[in-house]
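# Coordinate inspection notes
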Amino acid sequence: MTILDLDFMRYALVAAVMVGLTAPAVGTFIVQRRLALLGDGIGHVALTGVALGFLTGTAPVATAVVVAALGAVAIEMVRARGKTSGDVALALLFYGGLAGGVMIIYLTPGESTASLNSYLFGAITSVDSTDLWVIAGLAVTVLALLAVFGRELFVLCQDEEVARASGLPVRFLGLLIAVIASVTVVVAMRAVGLLLVSALMVVPVATSQQLTRSFRTTMALSMVFGVLATVGGLTSSFYLDVPSGATIVLLALAGFAVALGIGRFVRRSRTGESTA
Amino acid sequence: MSTAFDMTAGQVTIDGRKILRGVDLTVDDGEVVAVLGANGSGKSTLVRALLGVQPLSGGTTLLYGRPPARFREWWRIGYVPQRLSVGGGVPATVREVVASGRIARQRRGRFTSSADRQAVAAALNEVGLSDRAGDPVSSLSGGQQQRVLIARALAGEPDAFVLDEPTAGVDAGSQQMLAQTLSDLVGRGKTVVLVAHELGPLEPLVSRAVVLNQGCKVHDGAPPTAVGAHALPGHDHVHPHEPEPAESSLPSWVLAQEKA
């Protein structure tokens, strides 16, 4: 039996490709904006959204998108307002999101914290065809927004003051990138879980920047690494019978370690050439 | 002749500290104005407030007759910050950074035009970095990074340039190149506002000097003759690594002029 004989694995593979493409694409901007941990923050807040879905009997993905987006907007507003106590305010929001999720799920009849497990750690093999359409829709929206606003977001993430002096709508773009990140978190939630979601936004970017010289190639290569990690991780978890989310993240980290070595080697030989 | 920048009683307060205390500054089209002063005198804040990048806590500032919030012709302004921000460390090539200077002239969702490409190539050529276009900006020296920032502003083909300490920490070669670029711009009738600790090779280009001391304008008029000032006995040479200067660190030529 191969991996493609099973319906649920085919769905899972398609979802894996989409997550592998979107998370690092958004991640490139997030990392450049020095918000590498934004995904973690949004992930914690999204847990309250998931629990609200259980409580109200709505699809957890829908409520998670709404709550995560609201959380991301709150984070961005705290960040934009003042830089001094920003990280503490963010931390408060993270803990609130996590505690809120646990409390709400406890209050939901017939549910327990065990219901949250698949959202915390991912359950990509439970993706059905309806989920797939939702994930695909969100992923395409995220990539389209990045394509349209990419040039402006590049300037914003490079230097916010220059963006302002170029007449860019800085506040709007800041909120946009925060909301795009929150949608991405929810898309990736099914694959690797809310606790590991940020890894897919950050690790492929960190891997790729060991090897690249331009922003554009960093982004493209990080998307390649993202897909390699999600598809490779999913496939190996299937044959080895281990959890998929953790396998995907560990594979991504292994890729980073390899790239770090290669990058060091390449840079050393380059400087060797120039001094020779 | 129209007015590029017009600040009236500009005040800036950051974390309860008054950085600018009611500064009036008008820059007409085609003027080359140097903003001078000791470290911590509010020079950078003044030019950033002039552009609306730093919000005012009092007073007004106008860009070509409009307050920053209602200003729409941002392509007319090229801002050169003090240093290149590397952000979170994602690499970017020299060409990518310079090309981002076109942003105020580009329509959202449109592809890069041939006019964009030509302007970027011309800007790279002007600062002598055409051969480094594909290199990551992080691999460049401080002076070369400063040239990248200037090329980014040049690429936007603005009417007015605002440069925040373009000569700080820059090697002699880059300073000379900067002076050459500026004199080209002045020759083309561009407006230039530049912050400097010392004018050095830029001195002959400057048509007017504004001197700040502790957030107040203490001189507005003819630029100082730097050689004379440096030759004067008791000239207080302020270095960036020194603690915040006291009132006595006013350039000696200013004190001389005030006495006169």
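Below is a short write-up of the structure. (Residues numbered from 1 in each chain as written. Chains lettered and ligands numbered in written order. Predicted model: local features only at pLDDT ≥ 70, side-chain atom pairs only at ≥ 80, totals over all residues.)

## A word on the nonpolar core
- Ala46(A), Ala68(A) and Val35(B) are the most contacted members of the largest nonpolar core, which totals 157 residues.
- Per-element accounting of this core gives the leading share, 13 residues, to helix α8 (residues 170–192) of chain A.
- Once you skip the residues sitting within four places of it in the chain, Ala68(A) turns out to touch Ile42(A), Val45(A), Ala46(A), Gly49(A), Ser182(A), Val185(A) and Val186(A). (Core = buried A, V, L, I, M, F, W, Y, C linked by C-beta atoms within 7 Å. Buried ≥ 20, exposed ≤ 12 C-beta atoms within 10 Å, placed from the backbone. Helix = DSSP H or I, 4+ residues; strand = E, 2+ residues; numbered from the N terminus. Contact = placed C-beta atoms within 7 Å.)

## Considerations on the pairing of strand β2 (residues 17–28) of chain B
All names here are of chain B.
- Summarising the sheet, strand β1 (residues 3–14) and β2 pair through nine bridges and their orientation is antiparallel. Among the inter-strand pairings, glutamine 11 is bridged to a residue of β2, identified as arginine 21.
- What sits between β1 and β2 in their antiparallel hairpin is a turn of two residues, with aspartate 15 showing a positive phi close to 50°. (Pairing = 2+ DSSP bridges.)

## Focus on the sheet that holds strand β3 (residues 32–37) of chain B
Residue and element names in this part refer to chain B.
- Pairing is mixed in the open sheet, where six strands are placed in the order β5-β6-β7-β3-β8-β9. Since the sheet does not close on itself, it has two edges, and those belong to β5 (77–80) and β9 (216–221), each with one partner. Geometrically, the sheet is characterised by an average inter-axis angle of 15° between neighbouring strands, direction not taken into account.
- The sheet contact formed by β3 and strand β8 (residues 208–213) spans five bridges and is parallel. Paired with leucine 36 across the strands is valine 211, a residue of β8.
- Across the face of the sheet, helix α1 (residues 43–51) comes into contact with β3, β5, β6 (160–164), β7 (191–195) and β8 while running at roughly 145° to β7.
- Across the face of the sheet, helix α4 (residues 142–155) comes into contact with β5 and β6 while running at roughly 170° to β5. (Axes fitted to C-alpha atoms, helices over the stretch in contact; angles between N-to-C directions.)

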